[in-house]
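# A closer look at the structure
If you want the building blocks of each chain, they are given just below.
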Amino acid sequence: MWGGAAAPADRASPLRPSGTDGFGAVFTVPLAEGAKSLSHIIHEGDDQDLPAATGADADLRKARAHWIDRDTVAWRGGPSLRHSLAFSARGDIAYDDACGNGDLTGDLRLIRLLPGTLSEEQKRRWPHLAAYPALKVDPRDAGLVRQALRGQVVAVERDAAGTLLAATGVQIPGVLDDLYAEAATATLGPSGRTIPRLALWAPTAQKVELALYGPGRSVHRMRRDDDSGVWSVHGLPTWLGREYTYLVTVYSPAAGKVVTNEVTDPYSLAVTADGVRSRLVSLDGAALKPPGWDRAAKPAAVPQDRASIYELHVRDFSASDASVPAALRGTYAAFGLDSAGMRALRALAEDGLTHVHLLPVFDLATIPERKADRTEPGCDLAALPPDSERQQECVARTAAKDSFNWGYDPLHYTVPEGSYATDPDERIKEFRAMVAGLNRAGLRVVMDVVYNHTHSTGVLDPIVPGYYHRLLDDGTVATSTCCAGTAPEHTMMGKLVVDSVVTWARQYKIDGFRFDLMGHHPKANMLAVRRALDALTVEQDGVDGRSIILYGEGWNFGEVADGARFEQATQANLAGTGIGTFSDRLRDAVRGGGPFDADPRVQGFGSGLAGAPNGSPANGTAEQQRERLAGYADLIRVGLTGNLAGYVLPSGKRGSEVDYNGSPAGYAAAPGEVVTYVDAHDNETLFDALAYKLPQSTPMADRVRMQALSLATAVLSQGTAFVHAGSERLRSKSLDRNSYDSGDWFNRLLWDCAQGNGFGAGLPPRAGNEDRWPYARPLLADPALRPGCADINAGRARYGELLRIRASSPAFALGSLEEVRRRLTFPDSAEGVIAMHVDTSGLDPRWKSVTVVFNATPSAHPQAMPSLAGQEVALHPVQAASDDPVVQESAFDPATGTLTVPARTVAVFVRT
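Predicted model, so just to flag it, every value in this text is computed and none were measured.

### Focus on the overall build of the chain
What the chain contains, in helices and strands, is 20 helices and 45 strands. Against the compact-globule benchmark of 29 Å for 912 residues, the chain has a radius of gyration of 30 Å, which places it among compact chains. Seen along its three principal axes, the alpha-carbon backbone of the chain occupies a region of about 95 × 70 × 60 Å. The buried share among the 912 residues of the chain stands at 58%. In the chain, the share of contacts with a sequence separation of at least 24, taken over all contacts with a separation of at least 6, comes to 72%. Of the roughly 34,900 Å² that the chain leaves accessible, carbon and sulfur atoms contribute 52%. Both charge centroids of the chain, one from 92 positive and one from 109 negative side chains, sit 4 Å from each other.

In structure tokens, the structure reads:
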């Protein structure tokens, strides 16, 4: 039993009969609270029987028919002679099978369906339905279509005698998009600076009213536009600032009847605490702007392939910063202070960091927004042993009500999260002040957006049931993204994405957007976002939309995988668009293995595979390690080019011909279409990955060097360079691989090196980490693996040097496939070493070439560069002035052109 049982059962521990009656065995099944259904299989040993159906195949809770436009229904029905759509405006269709010869009952009207075929265009638009039989709406009944959609609709199949054979619910997004196409250009949500207007798209609703609160509650009629399906109402200036909801009277498949849902506005610009109600505001109002907002200056824009991005969680930034007043820790306001954290960000900007990427800051569902409603861990966590289970136990007890969550659980897409504000009612003003504070620090701002799913179906679905979320073949909501997946392939969900992004850009001056699980969006939706941003101008909108960067997770999985529903916004599909995707190729090659390995000790280029084996059997034999190291080297070389599909490696392989787990390593058309990284908020931090993978006896000084070398592969690559906040400071999450709900303790970002780096904070949370505890315990208990100030400061210094080197020359931002092909080469190098040479003649006013040597081995390495013999070559000025005595041992022999690079070092040489 599952899906409704209070105690699910499986074959190993089944529920047995509680007795018998005249029909046979009787099972008594305790149900979970609120259960609406029960899934079960009855079996005796290996013999099983599914729940039997009598009479017709009629499950009206499912929706197996797909009404894809006003004329066409796709349905895998049987070979009956009669098909129709039964509908009822009152929503009282039912299947009555009390006599074993069931039929539909209720206030029924019919739309007749005729046999037909799907056109090639329909198959292209609906590829997952391409093999379905098609039924065409009888032209005589075409006038009933709009009326039918405002009630319950059931697809019906009967034989020649009229006996019901099958009945099912109907999926309606396609026909809604066809009938109400005018809505695509409608202005929705709140609008008007002084005379407010509210508009809601609800084409299937029978009635929509506005409920206005404060003082008291008043209800106002909204008017329907029959062409667009938009309901609207104009109000009075006195409405501004008041709370509101919509009362939507609509047929609900979940309830099986017409209901009136009270809902917030999906286009909300402001909400009350915890998103209970929308609030009517004009974002142009002076009360919502911090001082100087309209005149705030931004740092100069940079092309996407020059961007260096720092991924930062708002709460992490200051929650553990003692230089921030206690009342402001974890809030937007901390970005306006002269705190340790802000001094660190300003210093990074001076080194060459261009953008701060903020983890989701839209209105979230999982954090209570008023501080009084939150509960923090009550244990003295710092006093517990470094390898103890007690820290995670204590954190888990309050996880559901504490102040921390990654926030990938959208509630309202276009409203700032209230828990990061000192007062949730001041969230808009404080969010804007944060953006201004980061801009003053020399940094542009990227916002993490999550339009691919919602926390639940409770905000969007009650307005247009069955439309905003992607439905599987039987009508259940797809959850491959973790939660209720949205359907931006549907016109009005795609419009919501575009409109929301434009609002953040115009009203909050956001400089970039990172799309979560972008592969679940159609490519067309992302291109629509790009076009809408490109249309924004400083003169008309206050922002230069063309300077706004776009990137995201182009992963390919779930019900949309491999183009099952549409052309996805995945890594390969976005080539040529200028939209970036994260590349997992270089990440895995540098770290070793993959993020889901059973044994976390699998080594890579940056974690000791070259010359420092850790003894794990997961690494294979010595010969297998050499083969894997060679493969990793090619993946890194392709990554250093910006994962260009058309770049040709020394082996003669194009980037697209280098294998990465069965996919091409090179997939981009231009370097700016790739975001190169070795760690992010997902999975272990780089320091923690190295803790697992390097031999435990590796000295801390060498760990710092391997951290810097690993980061260098991202910072000195073509394309966008990306780093997780704190990696420059050796940040650890005490080996937590998925810290989304692990509280402030495991997610600490420590600006004071005297506090350490977070390593040894206890065993990471049991959920998601317990299988790795046997590997983690001895590491966390080892005091030699906890860095001191000298180590942390050295890590920060090395990263700063890399940023300054990246910013010092156009060698690391060549911009196009043609330039990368012409200028960037990979000289032959030894095992565990990668050399990259960039010819900058005519491009760089100071240097004729730049050569980078990544030596991941535990010994010094001579790199032959015959083309440099007799030339004036020196260590890059940044490294020549470094406080790292090891890198200064790097040398150049002009007689032979040989570059000598110390162990575990990345050295950069310039030719004048």
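So that's the structure; there's more coming.
### Focus on the sheet that holds strand E40 (residues 849-855)
Taken together, 5 strands build an open sheet; the order of strands is E38-E39-E40-E45-E42 and the sheet is antiparallel. Looking at which strands have only one partner, the edges of the open sheet turn out to be strand E38 (824-825) and strand E42 (873-875). Sheet topology places E38 next to strand E39 (residues 833-839); 2 bridges connect them, and they run antiparallel. Note that in E39 the partner of Thr825 across the bridge is His837.

### Re the pattern of salt bridges
Side chains bearing opposite charge may pair, as long as their charged atoms lie close to each other. Applying the stated rule across the entire model yields 49 salt bridges. Asp351 is paired through a salt bridge with Arg804; the nearest N and O atoms lie 2.9 Å apart. Residue Asp351 is found in helix H5 (residues 340-351), and its partner Arg804 is found in helix H18 (residues 789-808); the two are separated by 453 residues along the sequence. Overall, the relative accessible area of 11% leaves Asp351 in the buried class. The partly exposed category is assigned to Arg804, whose relative accessible area is 32%. With a shortest N-O distance of 2.9 Å, Asp599 and Arg601 are connected by a salt bridge. Within the structure, one salt-bridge network assembled from shared partners comprises Glu389, Arg766, Glu770 and Arg777.

### Regarding the pairing of strand E6 (residues 65-69)
Counting buried positions over the 5 residues of E6 gives 5, a clear majority of the element. Pairing between E6 and strand E7 (residues 72-74): 3 bridges, direction antiparallel. Across the sheet, the residue bridging to Trp67 is Val73, located in E7. From the end of E6 to the start of E7, which pair antiparallel, there are 2 residues.

### A word on the nonpolar core
Among the nonpolar cores identified, the biggest contains 179 residues, and Trp67, Trp201, Leu345, Phe513 and Phe515 are the most heavily contacted of them. With near-sequence residues (within four places) excluded, Leu345 lies in contact with Tyr310, Leu312, Phe317, Phe335, Val356, Leu438 and Leu443. In this structure, Met700, Val704, Leu735 and Ile792 belong to the second largest nonpolar core, which totals 16 residues.

### A short note on unusual backbone geometry
Here Gly214 and Pro215 are connected by a cis peptide whose omega angle stands at -10°. Residue placement: Pro215 occurs in the loop between strand E17 (207-213) and strand E18 (217-221). Its identity is not glycine, yet Leu517 carries a phi of approximately 45°, on the positive side. With respect to the secondary-structure elements, Leu517 resides in the loop between strand E31 (512-515) and helix H9 (523-534). Taking relative accessible area as the criterion, Leu517 reaches 11% and is therefore assigned buried. Positioned with a positive phi, Ser734 is a non-glycine residue whose angle comes to about 55°. Structurally, Ser734 can be placed in the loop between strand E37 (720-724) and helix H15 (743-746).

Definitions and limits used
Residues numbered from 1 in each chain as written. Predicted model: local features only at pLDDT ≥ 70, side-chain atom pairs only at ≥ 80, totals over all residues. Heavy atoms only, no water. Helix = DSSP H or I, 4+ residues; strand = E, 2+ residues; numbered from the N terminus. Rg over C-alpha atoms; globule rule 2.2 N^0.38 Å. Buried < 20%, exposed > 50% of the residue type's maximum accessible area, 1.4 Å probe, protein only. Contact = heavy atoms within 4.5 Å. Areas by Shrake-Rupley, 256 points an atom, 1.4 Å probe, with all protein chains shown as cover. Lys, Arg positive; Asp, Glu negative; His and termini not counted. Charge placed at Lys NZ, Arg CZ, Asp CG, Glu CD. Pairing = 2+ DSSP bridges. Salt bridge = Lys/Arg side-chain N within 4 Å of Asp/Glu carboxyl O. Core = buried A, V, L, I, M, F, W, Y, C linked by side-chain atoms within 4.5 Å.

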